[in-house]
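Descriptive analysis of the structure
One-letter residues, chain by chain:
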Amino acid sequence: MARAARLLAALAALLAAAATGGDARPSKIAVVGAGIGGSAVTHFLQQHFGPRVQIDVFEKGTVGGRLATISVNKQHYESGAASFHSLSLHMQDFVKHLGLKHRREVVGRSAIFGGEHFVLEETDWYLLNLFRLWWHYGISFLRLQMWVEEVMEKFMRIYKYQAHGYAFSGVEELLYSLGESSFINMTQRSVAESLLQVGVTQRFIDDIVSAVLRASYGQSAAMPAFAGAMALAGAQGILWSVEGGNKLVCSGLLKLTKANVIHATVTSVTLQHTEGKPLYLVEYENEMGIGFDVYDIVVIATPLHLDNSSTITFEGFDPPIDVIQDSFPPTVVSLVHGYLNSSYFGFPDPKLFPFASILTTDFPTFFCALDNICPVNISTSFRRKQPQEAAVWRVQSHKPLLRSQLKTLFRSYYSVQTAEWQAHPSHGSRTTLPRFALHDQLFHLNALEWAASSVEVMAVAAKNVALLAYNRWYQDLDKIDQKDLMHKVKTEL
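Residues numbered from 1 in each chain as written. Predicted model: local features only at pLDDT ≥ 70, side-chain atom pairs only at ≥ 80, totals over all residues. Heavy atoms only, no water.

If you check an unreviewed UniProt entry, the protein chain appears there as Prenylcysteine oxidase 1 like from Molossus molossus. Word for word, the UniProt comment on the protein chain under Cofactor (unreviewed entry) is "FAD". A UniProt comment under Sequence similarities (unreviewed entry) is attached to the protein chain, and it reads "Belongs to the prenylcysteine oxidase family." (UniProt positions renumbered as here; feature names shortened; annotations may be inferred.)

1. Regarding the overall build of the protein chain
Of regular secondary structure, the protein chain possesses 14 helices and 21 strands. Against the globule reference of 23 Å for 493 residues, the protein chain gives a C-alpha radius of gyration of 24 Å, in line with a compact fold. Dimensions of the protein chain along its principal axes, counting C-alpha atoms only, are 75 × 50 × 40 Å. Split into buried and exposed, the 493 residues of the protein chain put 54% on the buried side. When contacts within the protein chain are restricted to residue pairs at least 6 apart in sequence, long-range pairs at least 24 apart make up 74% of them. Accessible area for the protein chain stands at about 22,400 Å²; split by element, carbon and sulfur atoms hold 53% of it. Positive and negative side-chain charges in the protein chain, numbering 42 and 44 respectively, have mean positions lying 7 Å apart. (Helix = DSSP H or I, 4+ residues; strand = E, 2+ residues; numbered from the N terminus. Rg over C-alpha atoms; globule rule 2.2 N^0.38 Å. Buried < 20%, exposed > 50% of the residue type's maximum accessible area, 1.4 Å probe, protein only. Contact = heavy atoms within 4.5 Å. Areas by Shrake-Rupley, 256 points an atom, 1.4 Å probe, with all protein chains shown as cover. Lys, Arg positive; Asp, Glu negative; His and termini not counted. Charge placed at Lys NZ, Arg CZ, Asp CG, Glu CD.)

2. Points about the packing of aromatic side chains
If you walk through the whole model with that rule in mind, you get 28 aromatic pairs. Here Phe113 and Tyr344 contribute two aromatic rings whose centre-to-centre distance is 5.6 Å and whose plane-to-plane angle is 55°, an arrangement assigned as tilted. Remark: Tyr344 occurs in the loop between strand S15 (331–340) and strand S16 (355–360) and Phe113 occurs in strand S6 (residues 109–113); sequence separation between them is 231 residues. Ring-pair connections join several aromatic residues into one group, and the members of that group are Phe113, Phe118, Tyr344, Phe345, Phe347, Phe353 and Phe355. Directly above the aromatic system of Trp473 lies the positively charged group of Lys277, at a separation of 4.7 Å from the ring centroid. (Phe/Tyr/Trp six-rings, centres within 6.5 Å; stacked < 30°, edge-to-face > 60°. Lys NZ or Arg CZ within 6 Å of the ring centre and 35° of its normal.)

3. What to know about the sheet that holds S15
Strand order in the open sheet formed by seven strands is S7-S6-S16-S17-S18-S15-S19, and the pairing between neighbours is mixed. One side of each edge strand has no neighbouring strand; the edge strands of this open sheet are strand S7 (118–121) and strand S19 (410–421). The mean angle between the axes of side-by-side strands here comes to 20°, regardless of whether they run parallel or antiparallel. By the bridge criterion, four bridges tie strand S17 (residues 369–372) to strand S18 (residues 391–397) in an arrangement that is antiparallel. If you follow Leu370 over to S18, its bridge partner there is Val395. (Pairing = 2+ DSSP bridges. Axes fitted to C-alpha atoms, helices over the stretch in contact; angles between N-to-C directions.)

4. Overview of the environment of Gln219
Mapped onto the elements, Gln219 comes out in the loop between helix H9 (202–217) and helix H10 (225–234). A residue is classified by how much of its surface remains accessible, and Gln219, at 13% relative accessible area, is buried. Counting along the chain gives 179 residues from Gln219 to His398, while the straight-line C-alpha distance between them is 9.9 Å.

5. What to know about the pattern of salt bridges
In total, this model carries 10 salt bridges according to the counting rule given. Salt-bridge contacts for Arg189 lead to Glu193; the nearest nitrogen and oxygen are separated by 3.5 Å. A residue is classified by how much of its surface remains accessible, and Arg189, at 24% relative accessible area, is partly exposed. Residue Glu193 is classed as partly exposed on the basis of its relative accessible area, which comes to 42%. Taking the shortest distance from any N to any O, the salt bridge between Arg203 and Asp207 comes out at 3.9 Å. Taken together, the residues span about one helical turn, with Arg203 and Asp207 both in helix H9 at a distance of four residues. Exposure remark for Asp207: the relative accessible area of 14% places this residue in the buried category. (Salt bridge = Lys/Arg side-chain N within 4 Å of Asp/Glu carboxyl O.)

6. Digging into helix H11 (residues 248–257)
One turn of an α-helix holds 3.6 residues; hence residues three or four places apart share an orientation. The complete set of buried residues in H11 reads Val249, Cys250, Gly252, Leu253, Leu254 and Thr257. Those residues of H11 that are buried lie in contact with helix H2 (36–49), strand S2 (54–58), helix H3 (89–98) and strand S9 (260–262). Immediately downstream of H11, the backbone of Lys258 shows phi near 55°, a positive value.

7. Comments concerning a nonpolar patch on the surface
Taken together, Trp125, Leu128, Phe131, Trp134, Trp135, Ile139 and Leu142 make up a surface patch of nonpolar side chains, about 800 Å² in accessible area. Element by element, the count of residues in the nonpolar patch is highest for helix H4 (residues 126–137), at four residues. Owing to a relative accessible area of 58%, Trp125 belongs among the exposed residues under this scheme. (Patch = residues over 30% accessible without salt bridge, like charges linked within 9 Å, V, L, I, M, F, W, Y side chains within 5 Å.)

8. Considerations on the pairing of S7
Relative to S7, S6 is paired through three bridges, and the arrangement is antiparallel. Counterpart to Ile112 in the pairing with S7 is Leu120. Hairpin connection of S6 to S7: four residues between the antiparallel strands, including Gly115 at a positive phi of 105°.

9. Here's the deal with the pairing of strand S11 (residues 279–286)
When you tally the buried positions in S11, you get six out of eight residues, the bulk of the element. Alignment of strand S10 (residues 265–272) against S11, held across seven bridges, turns out to be antiparallel. Its bridge partner being in S11, Gln272 is matched across the sheet by Leu279. As consecutive antiparallel partners, S10 and S11 are separated by six residues, and within that stretch Gly276 has a phi angle of approximately 80°, a positive value. Strand direction decides the pairing type here: S11 and strand S12 (residues 289–295), joined by seven bridges, are antiparallel. Its bridge partner lying in S12, Glu285 is registered against Ile290. The loop that links S11 with its antiparallel partner S12 comprises two residues.

Here's what the structure looks like:
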C-alpha cells in the first residue's frame with residue numbers, strides 16, 4: 001500500500017507540473033550511469049532544459065566509471081582511460097569549463113614487440129623515426145595517415161551539427177550524416193580490408209596497425225574499419241590528460257549541475273500509460289532496499305547487453321525493447337609496482353632498456369601493452385623512474401595475469417592491483433546498428449559504442465542524446481535526422 005501511495009504521489013506531481021503549460025520543461029529526468037557518458041549528458045541536459053530541471057543520476061559503482069584511478073604507494077595512477085586526443089573537443093571544453101588543468105607530459109620512448117624481438121623501436125629523433133618507417137614499410141605509414149585524416153575530417157562535422165542543434169535518433173543516421181554510405185560500410189568491413197584497398201601493406205598492418213588496435217581495443221585488424229580508424233587517430237598527434245585524474249571531469253560535471261547522485265542499481269524501467277507525454281517508472285535497489293520514482297525523460301548511460309549481470313528490464317512497452325545480445329570482452333588492467341625483467345625483451349642489462357611503452361603484435365601472448373606510467377599529480381621535480389629502478393607498470397591483458405606471467409615480465413615486484421573493465425564491445429559482432437531512441441523519451445546513450453568506443457565518442461553521444469531529448473520534447477522535428485546537413489549548416493551561417 002505504501003508503495004502504491006508513493007507511486008500515485010509521484011505521478012500526480014509530474015502530471016501537475018505538466019499541466020502548468022503545454023510547452024513546460026520536464027519536471028524530472030533520470031540518468032542511469034555516472035561515467036563520462038552519464039556525467040556529460042547530465043551537463044548537456046541542464047544546458048538545454050535549464051537549471052531548474054531536477055536530474056537524478058543513478059550509479060551502482062563509483063562516479064567516473066571507466067575513468068578511474070588506483071592508489072599505489074600513496075600515489076594515484078590512471079587505471080581506466082589514460083589520455084585524450086587533441087581533437088577531443090567536448091573533453092577540452094569540459095576541462096576548460098571546470099577550471100581543470102592539463103597534466104604535464106613526461107616523454108618516453110615506445111617500441112613494438114613481436115614475441116622474440118622488437119619489430120620497431122622509437123628513437124629520440126623524429127626524422128630518424130620517419131626514415132625507419134619508410135625503410136621497413138615504404139609509404140604505408142603515409143597512406144595510413146591519409147586514410148585516418150579523411151575519416152576524422154568527416155567525423156569532425158558532428159561538432160558543427162551539434163552546435164546548430166541537430167540530433168539523430170539512431171547510430172546509422174548519425175554516421176550517414178557524416179560520411180554517407182562510406183561510414184556505414186566501414187562498420188561492416190575490416191580495418192585490414194580497408195587499408196589494403198588504399199595501398200597499405202599486409203606487413204605494416206601486422207606489425208604496426210595490429211599493435212595499436214591491441215593497445216586501444218584489445219582487438220585485431222579484423223575489427224570494423226570505422227572503430228579502427230578512430231583508435232588509430234587516437235594513437236597519433238598530441239595526447240593529454242587531466243591533472244589530478246581524468247575522473248575529475250565526471251565528478252566536476254555532476255557537481256556543476258547540482259545533480260542528485262543516487263548510489264543504486266537500476267533494475268527496471270516501466271512505461272506508465274498516461275495521456276499526452278509518457279512517464280517512466282524507474283525501479284532501483286541499494287543497501288536501503290528497493291526504491292522507485294517517476295520521470296519525464298530517462299537516459300540509459302551504461303551498456304545494455306546480456307553479459308551484464310544487472311541488465312535493466314523494460315516493461316509495458318509495445319513493441320518490447322530488446323536487450324542487445326552481444327558481448328563486451330573484458331579488459332584487465334594490472335598496476336604492478338616492481339622491477340621490469342628487461343631480459344625478456346632482449347636487454348640483459350636493465351640500465352640499457354630505453355622504452356617506457358611496449359605494444360605487442362598479434363603473436364600469441366598474454367598481454368596487449370605495457371607502460372611505465374606516471375602518477376596523476378606530477379610535481380615540477382618529477383622524473384620518470386630509470387629502467388633499473390622499481391616503477392609502476394600498467395599491463396593490459398584479456399585475463400588476470402598468472403603468477404608465472406608476472407615472473408616473466410618482472411624480476412620482482414612489491415604489489416599488483418587490478419581493475420577489470422568491460423571497456424569496449426566486440427566490434428563487428430552486430431549486423432545492424434542500434435538506436436539512441438528506445439521510446440519517445442527513453443534513450444540509450446551507449447548505442448554509439450557499437451560504431452566506435454572512446455571517452456570522446458561517449459561525450460559526442462551524450463550531446464546527441466541531450467539534443468534529441470530536447471528536440472523531441474518541444475517537437476522541433478526539423479532538427480532530427482535531417483539529410484544534407486552540410487548544406488543546411490552553411491545556409492544557417
